[in-house]
Each structure stands twice: as C-alpha cells, then as structure tokens.
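Take a look at the letters that make up each chain.
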Amino acid sequence: MDKFISAGRRAVRGLTNMIPIVSGVVLLVGLIKTAVPESFYTGLFQGHLFADSLIGASVGSLLTGNAATSYIIGGELTDKGIGLLPVTAFLVSWVTVGIVQLPAESVLGKKFALLRNVTSFILAVAVAGITVFILGLL
Amino acid sequence: MKDGGMNDNKKNKPKQSNTEWYFFGAVALTYVIVAIVKGNLALKSLSTAGGIFLNILPAFGIIFAAMWLVNYFVDKKTVKKILGVRSGPKRWLIAVISGVLSTGPIYAWYPLLNDLRKKGLDYGFIATFLYNRAVKLPLLPLFIYYFSPTFTGVLLGVMVIVSILQGLLFVQLENAGLV
C-alpha cells in the first residue's frame, strides 16, 4: 500500500512541476492563434520550390495547435497553388517540430530537446521530398 | 519500498531550477504588454487559452493515471528488459504504436517520459515515440479529405520509417555522449 501511495505522490509531483511550463505554452498558443490569422501564411511563400519548402517547414515549426488546423491551412495553401513539397514540409513540421513547446520539452534534457527539434526540422524537408518523389513514381 | 526506496528518491530528486517560472513570467509579461497596447486581443487570447486548457484536461487525467501505474509497476529493470537498447526490434514497434495511440498535446507527455527516462529509457525510444505522435488516427479521415488516400498512405509510411531512423540516430548520439 505504501508503494502505491508513494507512486501516486510521485505522479502528482511530476505533473505539478510541469504546471508553469504547460500554462506558459498554452497561453502562448492562445496568443498566437488569436493574433495571427490563418490567411497570413499564404502570403509567405515566394514561388521557389526549395525556398518555399524551407519556409513551409519554418512556419510549421513556429506554429502549434491541433493538427486539424494544419490540414485546413495546408488545404488552403494547395488551393492557392503552393506546391505539394512546401505544403508537405509545413504539415510534417507542424506536428514534429515545436519551437513553442521547446521550454517544456527541455525537462527531458536541453540538448536532447534542441537536437530533436533541429533533426525533426531537417527530416520534415526530407520526408516531404521523399513523399513527393514516391508520389511521382506512382 | 523496493528498488532503492528513500535513497533512490533522493538521487532522482530533480535539481531546483527556475527556468520554467522565468518562461511563465515572460509569457505573462507579454500578455501584460499586449493588454496595455490592445486589451481586446489579450482578452480574446486568454479566452482561446482557456478553451485549450479545457480541451487538454482529460488528457492530463489519462497521463496522471499512466504515470501512477508506471511508478507503481515499472522499475529500471523492467524498462531495460522491455524497452532497452538490447531488447531488440520489438521496442521500435512499441515506440511507433504507443506514439500513434497516445492522445492529447505533446507537452502533456513530457512528465511521464521524464519518469521513464529516470528509470532508464533511452533517448532513441523517446525520439521515435514523439515523432509518431504526429500520426493522428482519429484525424485521418480529415487528412484524406484535404489531400488524398494515396498521399496520406505514402506520407504516413515515410514518417514511420523516418521516426525509427531518428530513434536510431539518437541511440548513436547518446552512446557517443552527445545528448
């Protein structure tokens, strides 16, 4: 019984330690979601495939929120003629890279959090390239 | 108490750090500045944030229960045996499936992963788990609606493979003492 209660206490401690970080992240997400309209993102793309892929991955990395929002923005970008490569990079980085969540992820180790996000950013562009290449073969 | 008891608890006690409070303070200060410049925007943002809080509360309940169970049933030996680097390819399958099935925001999972990390979970597994959180099964119909079934299938396949490659990269980085 002691072990069970002690396990519960450790779970409470683990979660309460995260309160300031999680609150900060949620408040920041609320501010970004409210301040930046979805139509803003379309204007960022230049019409150059590689540059647009990097822009797509960067925008996806900076933004956060429900993945469904990224699908809607991604769909809107495709409708406006933005290439599949930048849109895919945007979609992948939205869900794999989290600049806003970086302070929260740092509880796992600052170096790990930073390296994971940097590699995920590079991989977002790579995943987009591979996906579009495979689609071209099908 | 098994597995080291009090001494283990002392060893695992996190170092006191105020970073999280500095971060929260910086966000709060941003809100104060926004409130002074554009009060309406600050109020709307607070309301949006409140909505997000309400949405993620159930996920925190699930994660709290998972943390409690993990703390009770799982010790360092179990983690190393089932999820350790030497436990074979099945650990990657576990990382992929658990990442895909996990719900709620990514930051809600950090405390549980931190607990498992203290019990010996390696960064490779964590990286693969976190990457697969990108695959949202309940949202797949919406994704297929906006894009296409072929695009969805190819993208998910590529992402799962890449997640394991990223995990293997982090195993090497950890072995080399770079993370």
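Residues numbered from 1 in each chain as written. Chains lettered and ligands numbered in written order. Predicted model: local features only at pLDDT ≥ 70, side-chain atom pairs only at ≥ 80, totals over all residues.

Topic: the overall build of chain B
Tallying secondary structure elements over chain B gives nine helices and zero strands in all. Computed over the C-alpha atoms, the radius of gyration of chain B is 20 Å, more than 25% above the 16 Å expected from 2.2 N^0.38 for a compact globule of 179 residues. Expressed as lengths along the three principal axes of its C-alpha atoms, the size of chain B is roughly 55 × 50 × 30 Å. Residue burial in chain B is summarised as follows: out of 179 residues, 31% are buried. (Helix = DSSP H or I, 4+ residues; strand = E, 2+ residues; numbered from the N terminus. Rg over C-alpha atoms; globule rule 2.2 N^0.38 Å. Buried ≥ 20, exposed ≤ 12 C-beta atoms within 10 Å, placed from the backbone.)

A few points about the overall build of chain A
Looking only at helices and strands, chain A has seven helices and zero strands in total. Reading chain A from its N terminus to its C terminus gives the helix and strand order α-α-α-α-α-α-α. Here the C-alpha radius of gyration of chain A, 18 Å, is well above what a compact globule of 138 residues would show, namely 14 Å. Projected onto the principal axes, the alpha-carbon positions of chain A cover approximately 60 × 35 × 25 Å. Buried positions account for 48% of the 138 residues belonging to chain A. Here the contacts in chain A between residues at least 6 apart in sequence split such that 79% fall between residues at least 24 apart. (Contact = placed C-beta atoms within 7 Å.)

Quick notes on the packing of helix α3 (residues 49–62) of chain A against helix α5 (residues 84–96) of chain A
Residue and element names in this part refer to chain A. At their nearest, the axes of α3 and α5 sit 7 Å apart, and the two run at 20° to each other. On the basis of their axis angle, the class for α3 and α5 is roughly parallel. In this structure, the crossing between α3 and α5 has a hand that is right-handed. Only Leu-85, Pro-86, Val-87, Ala-89, Phe-90, Leu-91, Val-92, Ser-93 and Trp-94 of α5 make contact with α3, whose side of the interface consists of Leu-49, Asp-52, Ser-53, Ile-55, Gly-56, Ala-57, Val-59, Gly-60 and Ser-61. The class makeup of the residues in the contact of α3 with α5 is twelve nonpolar, five polar and one charged. (Axes fitted to C-alpha atoms, helices over the stretch in contact; angles between N-to-C directions. Parallel < 35°, antiparallel > 145°, perpendicular 65-115°, else oblique. Left-handed = near helix turned anticlockwise from the far one by under 90°. Nonpolar A, V, L, I, M, F, W, Y, C, P; charged D, E, K, R; others polar.)

What about the interface of chain A and chain B?
Contact residues are listed per partner, giving 57 residues for chain A and 56 residues for chain B. Counting only elements with at least two residues in the side of chain A that touches chain B, the list comes to α1 (2–17), α2 (19–35), α4 (67–79), α5, α6 (102–105) and α7 (110–137) of chain A. Among the elements that line the side of chain A that touches chain B, the one with the most residues is α2(A), at 15 residues. A class-by-class count of the residues in the side of chain A that touches chain B yields 32 nonpolar, 18 polar and seven charged.

Quick word on the confidence of the model for chain A
In the predicted model, chain A carries a mean pLDDT of 89, and 100% of its residues have values of at least 70. Confidence, read as mean pLDDT per element, is least for α4(A) in chain A (83) and greatest for α7(A) (96). (pLDDT = per-residue confidence, 0-100.)

Notes on helix α7 (residues 123–132) of chain B
The buried fraction of α7(B) amounts to ten of the ten residues, a majority that puts the element mostly inside the structure. Listing the buried residues of α7(B) in full gives Tyr123(B), Gly124(B), Phe125(B), Ile126(B), Ala127(B), Thr128(B), Phe129(B), Leu130(B), Tyr131(B) and Asn132(B). Its buried side turned inward, α7(B) meets α5 and α7 of chain A together with α4 (76–83), α5 (90–101), α6 (110–118) and α9 (149–175) of chain B.

Topic: the nonpolar core
If you look at the biggest cluster of nonpolar residues, it comprises 73 residues, and the most contacted ones within it are Val25(A), Phe90(A), Val92(A), Ala124(A), Val127(A), Ile126(B) and Met159(B). Here this core gets nine residues from one element, more than from any other, and that element is α7(A). For Val92(A), the residues in contact, after removing those within four places along its chain, are Gly60(A), Ala124(A), Val127(A), Ala128(A) and Met159(B). (Core = buried A, V, L, I, M, F, W, Y, C linked by C-beta atoms within 7 Å.)

Side note on α6(B)
Of the residues making up α6(B), those classed as buried are Tyr110(B), Pro111(B), Leu112(B), Asn114(B), Asp115(B) and Leu116(B). Next to the buried residues of α6(B) lie α1 and α6 of chain A together with α3 (39–73) and α4 of chain B.

Quick look at the environment of Asn175(B)
With respect to the secondary-structure elements, Asn175(B) resides in helix α9. A tally of 12 C-beta atoms within 10 Å means that Asn175(B) is categorised as exposed.

A word on the environment of Ile82(A)
All names here are of chain A. Counting through the fold element by element, Ile-82 comes out in the loop between α4 and α5. Ile-82 gets classed as buried once you count the C-beta atoms within 10 Å, which come to 21. Beyond its immediate sequence surroundings of up to four residues, Ile-82 is in contact with Phe-45, Asp-52, Leu-77 and Val-87.

Re the packing of α3(B) against α6(B)
Residues and elements named next belong to chain B. It is the contact of α3 with α6, at a shortest axis distance of 9 Å, that shows an interaxial angle of 10°. Judged by the inter-axis angle, α3 sits roughly parallel to α6. Side by side, α3 and α6 meet where Ile-63, Ala-66, Met-67, Val-70 and Asn-71 of the first sit next to Pro-111, Leu-112, Asp-115 and Leu-116 of the second. Here the residues of the contact of α3 with α6 sort into seven nonpolar, one polar and one charged.

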